[in-house]
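Tertiary structure, described
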Amino acid sequence: MDRWAYIECMPTTKQDSKQPRSKFYELLQGQVHNEFHASQQYTALGVWFDNEDLPELAKFFYAQAIEERNHAMALVQYMMDTDHHVTIPGTGEVRNEFSSAKELAELALEQEKEVTSDIKTLTKAARSEDDFLGEQFMQWFLKEQVEEVATMSTLVNVFERADGNLFEVERFVHKHLRGDADDDDMPEVAGGKL
Ligand SMILES: [Fe+2]
Ligand SMILES: [Fe+2]
């Protein structure tokens, strides 16, 4: 399914006294879906690793799932703060079947690259609409994507170098991928950051 197909199922009518949506806000609502989808996909990756008795990889992806949920809820908070109607979407298909552990890391890298491209599209829309607040709001997400792509790219490299020795991958994840330190710059998350 097209990444932005969710937008087409959304009501386009003005909701009560809320602001009508610009293109940027249409994309923001779509991105709430994309971030929740990323969260569900990372939950599935965590469960796959957990089931294979790889606890460090499981823990890493469970934490990533929570991060993506926080991203979604930060977008929700911004829409509420700027007086826009926001809906909580279902998420698309989640992949659960894999033939090797490395495939999961490759999927995670692919997913982060897609999200980076989503965030760039959003930033471009804000800029072309002279939505200065929206453009500034997207800066944190741009910075975050640099980190996320770098992390997943490292993980793919580690899988390649470990050459099938998953205990080496576990050791690396335990030592070097311990999740994000607290980020004081992160935009406010609706209901509080988990
Ligand atoms: Fe995200
Ligand atoms: Fe991410």
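Before any of the text, the structure's been laid out above.
All of the points below concern the structure found in this document. (Residues numbered from 1 in each chain as written. Chains lettered and ligands numbered in written order. Predicted model: local features only at pLDDT ≥ 70, side-chain atom pairs only at ≥ 80, totals over all residues. Heavy atoms only, no water.)

**Points about the coordination of the iron ion (ligand 2)**
- Here the iron ion (ligand 2) is held by Glu68 (OE), Glu112 (OE), Glu112 (OE) and Glu148 (OE), and the distances to it run 1.8 to 2.5 Å.
- The site at the iron ion (ligand 2) holds four donor atoms, and with the angles between them running 53 to 142°, its shape is irregular.
- On the primary sequence, the residues serving as donors to the iron ion (ligand 2) are separated as E-x43-E-x35-E.
- In this structure, the iron ion (ligand 2) lies 3.5 Å away from the iron ion (ligand 1), the two metals sharing Glu68 as a donor. (Donors = N, O, S within 2.8 Å, 3.2 Å for Na, K, Ca; no water. Tetrahedral: all angles 85-135°; square planar, octahedral: opposite > 155°, others 65-115°.)

**Points about the coordination of the iron ion (ligand 1)**
- Distances from the iron ion (ligand 1) to its protein donors, Glu35 (OE), Glu68 (OE) and His71 (ND1), fall at 2.1 Å.
- Here the donor residues of the iron ion (ligand 1) are spaced in sequence according to E-x32-E-x2-H.
- A relative accessible area of 2% places His71 in the buried class. (Buried < 20%, exposed > 50% of the residue type's maximum accessible area, 1.4 Å probe, protein only.)

**Let's talk about helix H3 (residues 55–81)**
- Between its first and last C-alpha, H3 extends 39 Å over 27 residues, near the 39 Å set by a 1.5 Å rise per residue.
- Counting buried positions along H3 yields 19 of 27 residues, so the element is predominantly enclosed.
- Looking one or two residues beyond H3, the residue adopting positive phi is Asp83, at roughly 65°. (Helix = DSSP H or I, 4+ residues; strand = E, 2+ residues; numbered from the N terminus. Expected span 1.5 Å × (residues − 1).)

**Description of the packing of aromatic side chains**
- On inspection of all chains with the given rule, the structure shows ten aromatic pairs.
- With a centroid separation of 5.5 Å and 45° between ring planes, the pair formed by Tyr42 and Phe61 is classed as tilted. Of the two residues, Tyr42 sits in helix H2 (residues 23–51) while Phe61 sits in helix H3, which places them 19 residues apart along the sequence. Comparing Tyr42 with Phe61 shows no difference in burial state: the two are buried.
- For the pair Phe60 and Phe61, a centre-to-centre distance of 5.0 Å together with 80° between the ring planes defines the contact as edge-to-face.
- One aromatic cluster is present, built from ring pairs that chain together Phe24, Tyr25, Tyr78, Phe137, Trp140 and Phe141. (Phe/Tyr/Trp six-rings, centres within 6.5 Å; stacked < 30°, edge-to-face > 60°.)

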